[in-house]
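Overview (structure and organization)
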Amino acid sequence: MMFSPAVRLAAALSLCAAACGTVQAQSVYAKAGFLGAGIGASYGLSPAVTLRADVTTAGSLSRSGSTSDFDYRGKLRVRQAGGYVDWFPFDNGFRLSVGLQARDARLDADARPRASGTITIGGTTVGFGSEDRADARAKLPTVAPYVGLGWGHNTVQRASKPGFGFIADVGVSLGKPKVDFWVSDSVRAKLDVITGGRAQDQIDRQRDEFQSDVDKLKVLPQAYVGVAYYF
């Protein structure tokens, strides 16, 4: 179900190209890299332009880190479907690519108590036991633009030489993540006692620190290598 947007996108590209009567060559491909592994298909419109669609998933990747006063452990999950236009300025496989990606990309994190059995939320340190929870989620935009460069998918140029070929991509997707941060009632009660009823202020401050920490994900790098079969 997660990859149904990619299936629809690939079908739409196929129908569009067929309707225009301009498809000269095509390929299927597999790739792997920084954000996992994926499969896709490309359709050549001319020696200089190729349309492409693929799906990629990295499953879940463990990640740990900290803000200025808060340690956390979490998992980064990235699954995406993309549609791209490749432009080949030369008579070879070098290309520039632009596109849109539909994705489920998020970082789920929970508090990691320090050796003293405490955590610090928004500058206020409280005891942290097994009944306590402090969790954060950073979610990237569902739809994001992509820009990059790479090699391969020059399907019309390869029409006279069907078979396997090398492909590579380096690029970035763009979009600012949105952060949510919440704590259990037990942690909120402790914060209220220490701060004189200002627990929400400390929670909001910690959320803002997380937002600042994950804002670097608004430019998400992507790098892949793989193999295509041209036919």
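Residues numbered from 1 in each chain as written. Predicted model: local features only at pLDDT ≥ 70, side-chain atom pairs only at ≥ 80, totals over all residues. Heavy atoms only, no water.

**Regarding the overall build of the protein**
When helices and strands are tallied, the protein shows 3 helices and 12 strands. Residues counted as buried form 46% of the 231 residues belonging to the protein. Carbon and sulfur atoms make up 62% of the accessible area of the protein, which amounts to about 11,100 Å² in all. (Helix = DSSP H or I, 4+ residues; strand = E, 2+ residues; numbered from the N terminus. Buried < 20%, exposed > 50% of the residue type's maximum accessible area, 1.4 Å probe, protein only. Areas by Shrake-Rupley, 256 points an atom, 1.4 Å probe, with all protein chains shown as cover.)

**Quick word on the side chain of R103**
The topology assignment puts R103 in strand 5 (residues 94-111). No salt bridge is formed by the buried R103, whose closest oppositely charged neighbour, D104, lies at an N-O distance of 8.8 Å. Reaching out from R103, the side chain makes a polar contact with the backbone oxygen of P141 at a distance of 3.0 Å. A polar atom in the side chain of R103 sits 2.9 Å from the side chain of S173. Residues within four places of R103 in sequence aside, it is in contact with R79, Q80, L140, P141, T142, A144, S173, L174, G175 and L220. (Lys, Arg positive; Asp, Glu negative; His and termini not counted. Salt bridge = Lys/Arg side-chain N within 4 Å of Asp/Glu carboxyl O. Polar contact = N/O pair within 3.5 Å; in protein donor to acceptor, adjacent residues only side chain to side chain. Contact = heavy atoms within 4.5 Å.)

**Re a nonpolar patch on the surface**
Together, V28, F164, V227, Y229 and F231 line one region of the surface with nonpolar side chains, adding up to about 500 Å² of accessible area. By the element assignment, F164 lies in strand 10 (residues 163-174). In this structure F164 comes out as exposed when scored by relative accessible area, which is 63%. (Patch = residues over 30% accessible without salt bridge, like charges linked within 9 Å, V, L, I, M, F, W, Y side chains within 5 Å.)

**A closer look at the pairing of strand 7 (residues 124-127)**
Residues of strand 7 alternate between two faces, with T124 and V126 buried on one and T125 and G127 left unburied on the opposite face. In the sheet, strand 6 (residues 118-121) pairs with strand 7 via 4 bridges, with the strands oriented antiparallel. Bridge pairing in strand 7 links T120 to T125. Between strand 6 and the antiparallel strand that follows it, strand 7, lie 2 residues; G122 among them carries a positive phi value of about 60 degrees. (Pairing = 2+ DSSP bridges.)

**Describing the packing of aromatic side chains**
For any pair of aromatic rings, geometry is given as the distance between the ring centres together with the angle between the planes. Tallying each qualifying case throughout the model produces 5 aromatic pairs. Note on Y84 and Y146: the rings are 5.4 Å apart at their centroids and 80 degrees apart in plane angle, and the pair reads as edge-to-face. With a gap of 62 residues between them, Y84 in strand 4 (residues 71-87) and Y146 in strand 9 (residues 143-151) connect regions that are remote in the sequence. Judged by relative accessible area, which is 5%, Y84 ranks as buried. Joined through ring pairs, the aromatic side chains of F164, Y229 and F231 make up one cluster. In this structure, K31 is placed above the aromatic ring of Y224, and the distance from its NZ or CZ to the ring centre is 4.1 Å. (Phe/Tyr/Trp six-rings, centres within 6.5 Å; stacked < 30°, edge-to-face > 60°. Lys NZ or Arg CZ within 6 Å of the ring centre and 35° of its normal.)

**A few points about the pattern of salt bridges**
Counted by the stated rule, this structure contains 17 salt bridges. Here R106 makes a salt bridge to D108, at a shortest N to O gap of 3.3 Å. Exposure remark for R106: the relative accessible area of 19% places this residue in the buried category. Among the salt bridges present, the one from R198 reaches D201, with a minimum N-O distance of 3.2 Å. The partly exposed category is assigned to R198, whose relative accessible area is 44%.

**Overview of the environment of R114**
By the element assignment, R114 lies in the loop between strand 5 and strand 6. Residues R114 and F128, 14 residues apart in the sequence, show an inter-C-alpha distance of 8.9 Å.

**Considerations on helix 3 (residues 199-214)**
Helical periodicity: at 3.6 residues per turn, an α-helix aligns residues three or four positions apart in one direction. Between its terminal C-alpha atoms helix 3 stretches 23 Å, which fits the 22 Å expected from 16 residues at 1.5 Å a residue. Restricting attention to buried positions, one finds in helix 3 the residues A199, Q202, I203, Q206, E209, F210, Q211, D213 and V214. (Expected span 1.5 Å × (residues − 1).)

**Some words on the confidence of the model for the protein**
Considering every residue of the protein, the mean pLDDT works out to 86; 84% of them sit at 70 or more. Per-element mean pLDDT across the protein ranges from 46 in helix 1 (residues 4-20) up to 97 in strand 9. (pLDDT = per-residue confidence, 0-100.)

**Overview of helix 2 (residues 185-195)**
Listed in full, the buried residues belonging to helix 2 are V187, L191 and T195. Buried residues along helix 2 cover an arc of 55 degrees about the axis, so they all sit on one side. Along helix 2, exposed side chains directed more than 90 degrees from the buried face belong to D185 and V193. Buried residues belonging to helix 2 abut strand 6, strand 7, strand 11 (178-183) and helix 3. (Arc of directions from axis to C-beta.)

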